[in-house]
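Descriptive structure summary
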Amino acid sequence: MANTKMKYPEVMNYIGGKLIPCKNGKYFDKISPVDGSLLSKVHISSSDDLNEAVNAAQKAFIEWSDKTVKDRVQILYKYKNLLEKYHEDHARIIHEEIGKTIEEGRQEVSKSLELLEFACSMPQVATGSILNVSAGVECRTEHIPLGVVASISPFNFPHMVPHWTLPNALALGNTMILKPSPAAPISPIRIAELLHDAGLPSGVLNIINGERELVEAICDHPGIQAVTFVGSTPVAKALYTRASANLKRVLTLGSANNHLILLPDANPEMAATNIIASFTGTAGQRCMSACVLVAVGDCNHIIQRIVELAKAIKVGTDMGAIINAESRDRIKGFIDRAERDGAKIVVDGRNAVVEGKENGVYFGPTIVDFANPNSEIVTTENFGPVLTIVRVKTLEEALGVANSSPYGNGSSIFTQNGKSAQIFVQKIEAGMVGINVGVPVPREPFGFGGWKDSKFGTGDITGESSINFWTKTKKITTKWNPEAKVNWMS
Ligand code: NAD
């Protein structure tokens, strides 16, 4: 399969510390959305490959789970140092494989480093608790790893999303099967290489590439104790149902359609710059992107500034590519239908072309104004750099539009009025809420997770909440003093 035109080696599976070809010989070409160049060939695995990965992970679990959490995080410290050294290299790969700007790639790696900092603090935060429950009787808890766990990730954060799960799960003593998106397979292999160099024992992390058949095999595999998933809602629902039916611990994060509420008293420059960054970052392919702007009353002075800033964005420089032509065409379809439904396209990114990168996949910032709150462009996730504006008269009406969404990932309000902000925080149905913040992502040690159709399962995927997901607690009651009386409880 040698191909001299490929920029990177073939992406094989990483099982038991070795790169191994998939057993059925199937692969597909990974093309860069930046310029259409061939980056690699990606192997597509079946359940036979999965069995091998689970065996390797089960074998590694015996020694890995026996180490102390302090010993385990020493490897993560070393890995963090290596990742700092190769920060730029990893940022460039993210740029090439999914089309983000290099600066966005750098920011993504910085976020991975922050997630690692949290995992390295596990000896301090995952301590369990202790209490004298009666005279001479002590009760304490211990966090016990689950065993082999699986993490299934989407294309849009090929570096950060694996770091949502991998460092915490490993620090807490589990071994892992990571199933990356086929559209973003190169970053995960680089992560595995650095972890190997940092001294991670073989089999503690295994990466297996594949599609639906493989994901379903993960949900069904009796050797896997827990599954996390990040991606679109239909798959999140199906996986939650299937893996739960197999009695696994499951947490699946789904799609989003985030509403921002704009009040006329907002600081115009602060609101405009934050809203622009929110809907154009990663070319709108973020589950925390602004999708719908619900403008209350006369916000024209701020909307005009948003339009001005959107028109000044240089596609290919300030804003990156769309993952593939199919996604670009899907986004275009949404704008075409919105226009037909009577909305006004005030900034039109449908015909974006980047000079010298004609084989790349681009879509310019797009602003759709005066949309009907019940129209498809408002109610459905399009996952592109599109801001749809709905005009309403009151904050109550704006909350009604936002809360009618089936999703509840993120939502923000832009205002300088504390009372309006407080009403918004109380009434909005979303898991991650912001005031004058375009992308209200909670940072460590707070957990990431939405509500409604944006998340299925209990708890959040990151932060302190993840400790309960990745472990089971053992409750130990001890009495060493023979004189301690037997009482009604112990
Ligand atoms: P996706 O659902 O297509 O793919 C996610 C993962 O599921 C990939 O590994 C893919 O190989 C696998 N997969 C795809 N179809 C499958 C199927 N039918 N059965 C089993 N597995 C399947 O999502 P994507 O296109 O990679 O990512 C974009 C979506 O993810 C958007 O909807 C976005 O909102 C969502 N997302 C959500 C979050 C969050 O935190 N809630 C974060 C990032 C992305």
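Treat the numbers as computed from the prediction; the structure is a model and nothing was measured.

1. Overview of the domain arrangement of the chain
Annotation of the chain at the domain level lists domain 1 (13-254 + 454-474) and domain 2 (258-435). Placing the centre of domain 1 and that of domain 2 at their C-alpha centroids yields a distance of 31 Å. Contacts between the two partners involve 17 residues from domain 1 and, on the opposite side, 22 residues from domain 2. It is Pro 33, Phe 155 and Ser 454 that lose the most area in domain 1 upon contact with domain 2, and together they represent 32% of the buried surface on that side. At the junction of domain 1 with domain 2, the criterion picks out zero salt bridges.

2. Regarding helix α14 (residues 395-403)
Residues Leu 395, Ala 398, Leu 399, Val 401, Ala 402 and Asn 403 constitute the buried set of α14. Tucked into the core, α14 has its buried residues touching β12 (258-262), β13 (290-296), β16 (386-392), β18 (410-414), α15 (418-427) and β20 (451-452).

3. Digging into the packing of aromatic side chains
Tallying each qualifying case throughout the model produces three aromatic pairs. Between Trp 164 and Phe 448, the ring centres sit 4.4 Å apart and the planes meet at 35°, which makes this aromatic pair tilted. Taken as a pair, Trp 164 in helix α6 (residues 160-171) and Phe 448 in the loop between β19 (432-435) and β20 lie far apart in primary sequence, 284 residues in all. You'll find Trp 164 and Phe 448 in the same group, each marked buried. If you follow Lys 100 out to its NZ or CZ, it ends over the ring of Phe 157, 3.4 Å from the centre.

Parameters and conventions
- Residues numbered from 1 in each chain as written.
- Predicted model: local features only at pLDDT ≥ 70, side-chain atom pairs only at ≥ 80, totals over all residues.
- Heavy atoms only, no water.
- Domains from an automatic or database assignment.
- Contact = heavy atoms within 4.5 Å.
- Buried area = accessible area lost by both parts, 1.4 Å probe.
- Salt bridge = Lys/Arg side-chain N within 4 Å of Asp/Glu carboxyl O.
- Buried < 20%, exposed > 50% of the residue type's maximum accessible area, 1.4 Å probe, protein only.
- Helix = DSSP H or I, 4+ residues; strand = E, 2+ residues; numbered from the N terminus.
- Phe/Tyr/Trp six-rings, centres within 6.5 Å; stacked < 30°, edge-to-face > 60°.
- Lys NZ or Arg CZ within 6 Å of the ring centre and 35° of its normal.

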